Amino acid sequence: MRDARAVDEKRRRSQAEAESLVQDFEQSGLNRKAFCSARGVALHTLDYYRARYRTPRASTAGQGLFPVDLISTPSASSGLRVEFASGRRIIVEAGFDVSVLKQLVAALEG
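Just so you know, these numbers come straight off a predicted model, no measurement behind them.

**A word on helix 2 (residues 32-39)**
Then comes step 1: Sitting at the head of helix 2, N31 places a side-chain oxygen 3.2 Å from the backbone nitrogen of K33.
Then comes step 2: With its phi angle positive at about 70°, G40 sits one or two positions after the end of helix 2.

This is the structure:
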């Protein structure tokens, strides 16, 4: 008997389905492996769709600042979460050391 959560490697998706899968992943907050396991998608399939249907980043290349949408008003004790169009995330828990965050930002700015 086949496990219902097993990866369905033979499934063909339309472009709209593949784009929706990529968007769902990017909004899920899960890592690739956990997302794929929950959705029954092969890891290499998600990677392929992400490379093919990801939002183009060429328009933001070379710019230092990007538009930001605040989801909610942060409280003084809350952490930070930054999600990039590439799917990469920076998460800083509540009670973080500000000097470490400053060092991180300096390192990222090169």
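Now that the structure has been shown, we can carry on.
**Some points on the packing of helix 2 against helix 3 (residues 43-53)**
Then comes step 1: Look at helix 2 against helix 3: their axes get within 9 Å of each other, and the N-to-C directions meet at 110°. Here helix 2 is positioned roughly perpendicular relative to helix 3, judged by the angle of their axes. The interaxial crossing formed by helix 2 with helix 3 has right-handed handedness. Contact residues: R32, K33, F35 and C36 in helix 2; L43, L46, D47 and R50 in helix 3.
Then comes step 2: Of the residues that constitute the contact of helix 2 with helix 3, the class distribution is four nonpolar, no polar and four charged.

Conventions used here
- Residues numbered from 1 in each chain as written.
- Predicted model: local features only at pLDDT ≥ 70, side-chain atom pairs only at ≥ 80, totals over all residues.
- Heavy atoms only, no water.
- Polar contact = N/O pair within 3.5 Å; in protein donor to acceptor, adjacent residues only side chain to side chain.
- Helix = DSSP H or I, 4+ residues; strand = E, 2+ residues; numbered from the N terminus.
- Axes fitted to C-alpha atoms, helices over the stretch in contact; angles between N-to-C directions.
- Parallel < 35°, antiparallel > 145°, perpendicular 65-115°, else oblique.
- Left-handed = near helix turned anticlockwise from the far one by under 90°.
- Contact = heavy atoms within 4.5 Å.
- Nonpolar A, V, L, I, M, F, W, Y, C, P; charged D, E, K, R; others polar.

These figures capture arrangement, not role.
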